[in-house]
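So you can see what is in the structure, the chains are spelled out below.
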Amino acid sequence: MEGLGRRLGEKNGYLLDIGTHSLNGRERNVLFRNNGDETFTEVGWVNGADRIEDGRGVAVFDYDEDGRLDLVLRDYRAPAELLRNGGALRHWIGFELRGTRSNRDAVGARIRVRTGDHWQTRVVKIGSGYLSASSRRQHFGLGDSARVDQVEIDWPSGTRTVLHNLAADRRYDIIEKVEIPQSPN
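Residues numbered from 1 in each chain as written. Predicted model: local features only at pLDDT ≥ 70, side-chain atom pairs only at ≥ 80, totals over all residues. Heavy atoms only, no water.

Trainee: Now, about the sheet that holds strand β10 (residues 91-98): what can you tell me, with residues and values included?
Mentor: Pairing within the open sheet is mixed, and its three strands lie in the order β13-β10-β16. Bordering the open sheet on either side are β13 (138-143) and β16 (170-175), each of which pairs with just one other strand. Here the strands of the sheet are splayed against their neighbours by 20° on average, with no regard to which way each runs. Bridge count between β10 and β16: six bridges; the pairing is parallel. Paired with phenylalanine 95 across the strands is tyrosine 172, a residue of β16. (Pairing = 2+ DSSP bridges. Helix = DSSP H or I, 4+ residues; strand = E, 2+ residues; numbered from the N terminus. Axes fitted to C-alpha atoms, helices over the stretch in contact; angles between N-to-C directions.)

In structure tokens:
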């Protein structure tokens with residue numbers, strides 16, 4: 001450990017005391033909108049999310065279950081703050097998966113949703129950043145589409161679930177189907 005103090009900023013033989021200050025600094029938050037054409041637009045300034053803070057974590061979930069995703073921000077030495085999404089309500093669909101043959105939380109499952117000829121994909125994961133975790137519920141924005149034509153779920157176990165013609169604006173709880181082989185007679 002000898003010499004460590006000099007590398008970190010030793011002054012008069014002592015390490016500098018940063019006190020309550022962060023080593024990360026205070027940076028402006030950003031929020032990106034998916035344009036649907038493989039590009040994104042920074043819209044934090046429009047939505048009041050572009051504050052200068054010492055951010056440590058963010059979690060995304062539908063706090064009030066209205067189909068619009070909300071954010072919880074966690075900053076250094078500050079209480080968590082809920083940013084409720086008050087944007088225009090468009091169509092959406094959500095899925096909560098439960099594995100039976102796969103792991104219970106369906107971590108690693110891939111969900112593909114088709115409306116018309118447009119596909120969207122989500123992968124179930126746990127943990128989304130430092131000091132935060134977003135909901136495991138998989139949320140898809142559908143714009144003007146009031147129905148989903150097809151849903152494909154590829155489970156970690158290798159099984160596949162295919163669903164057709166689902167109504168929008170609701171959440172579906174999907175349990176992995178376990179195929180039991182028929183014994184020969």
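Trainee: Go over the confidence of the model for the chain, please, and point to the residues and values.
Mentor: Overall, the prediction assigns the chain a mean pLDDT of 83, with 82% of residues at 70 or greater. Long-range and interchain partners of residues 1-9, a stretch whose pLDDT sits below 50, account for six contacts in this model, where long-range means more than four residues apart. (pLDDT = per-residue confidence, 0-100. Contact = heavy atoms within 4.5 Å.)

Trainee: Could you give me a rundown of the nonpolar core, with the residues and numbers involved?
Mentor: When a protein is soluble and globular, its nonpolar side chains tend to lie buried together. Grouped together as the largest cluster of nonpolar side chains are 18 residues, with contacts concentrated most on Ile93, Phe95, Leu97, Ile111, Val113 and Val151. Broken down by secondary-structure element, the contributors of at least two residues to this core are β10, β11 (110-115), β13, β14 (147-154) and β16. Here valine 113 is in contact with Phe95, His118, Trp119, Gln120, Phe140, Leu142, Val148, Gln150 and Val151, once residues within four sequence places are set aside. (Core = buried A, V, L, I, M, F, W, Y, C linked by side-chain atoms within 4.5 Å. Buried < 20%, exposed > 50% of the residue type's maximum accessible area, 1.4 Å probe, protein only.)

Trainee: Give a detailed account of the pattern of salt bridges, specifying residues and quantitative values.
Mentor: All told, the structure shown has 16 salt bridges when counted by the stated rule. Between arginine 137 and glutamate 96 there is a salt bridge, with its nearest N and O atoms 3.3 Å apart. Taken together, the residues arginine 137 in the loop between β12 (118-123) and β13 and glutamate 96 in strand β10 connect sequence positions 41 residues apart. Given the relative accessible area of 24%, arginine 137 is considered partly exposed. Overall, glutamate 96 belongs to the partly exposed group, its relative accessible area being 23%. (Salt bridge = Lys/Arg side-chain N within 4 Å of Asp/Glu carboxyl O.)

Trainee: Describe the sheet that holds β12, with residues and values.
Mentor: Sheet strands associate in pairs through backbone hydrogen bonding, adopting either a parallel or an antiparallel arrangement. Read across the open sheet, the four strands follow the order β12-β11-β14-β15; overall the sheet is antiparallel. This sheet does not close on itself; its edge strands, each paired only once, are β12 and β15 (160-167). On average, adjacent strands in this sheet sit at an angle of 20° to one another, irrespective of strand direction. Bridging between β14 and β15 involves seven bridges; their strand directions are antiparallel. Looking at the pairing, aspartate 154 lines up with arginine 160 of β15.

Trainee: So what about the pairing of β11? Which residues, and what values?
Mentor: Walk down a regular strand and you will see the side chains alternate between the two sheet faces. Burial of the side chains of β11 is restricted to one face: Ile111, Val113 and Thr115 are buried, whereas none of Arg110, Arg112 and Arg114 on the reverse face is. Where β11 meets β12, six bridges bridge the pair, whose relative direction is antiparallel. Each bridged residue has a counterpart across the sheet, and for isoleucine 111 the counterpart in β12 is arginine 122. Examined bridge by bridge, β11 and β14 share five bridges and lie antiparallel to one another. Residue pairing in the sheet places valine 113 in a bridge with valine 151 of β14.

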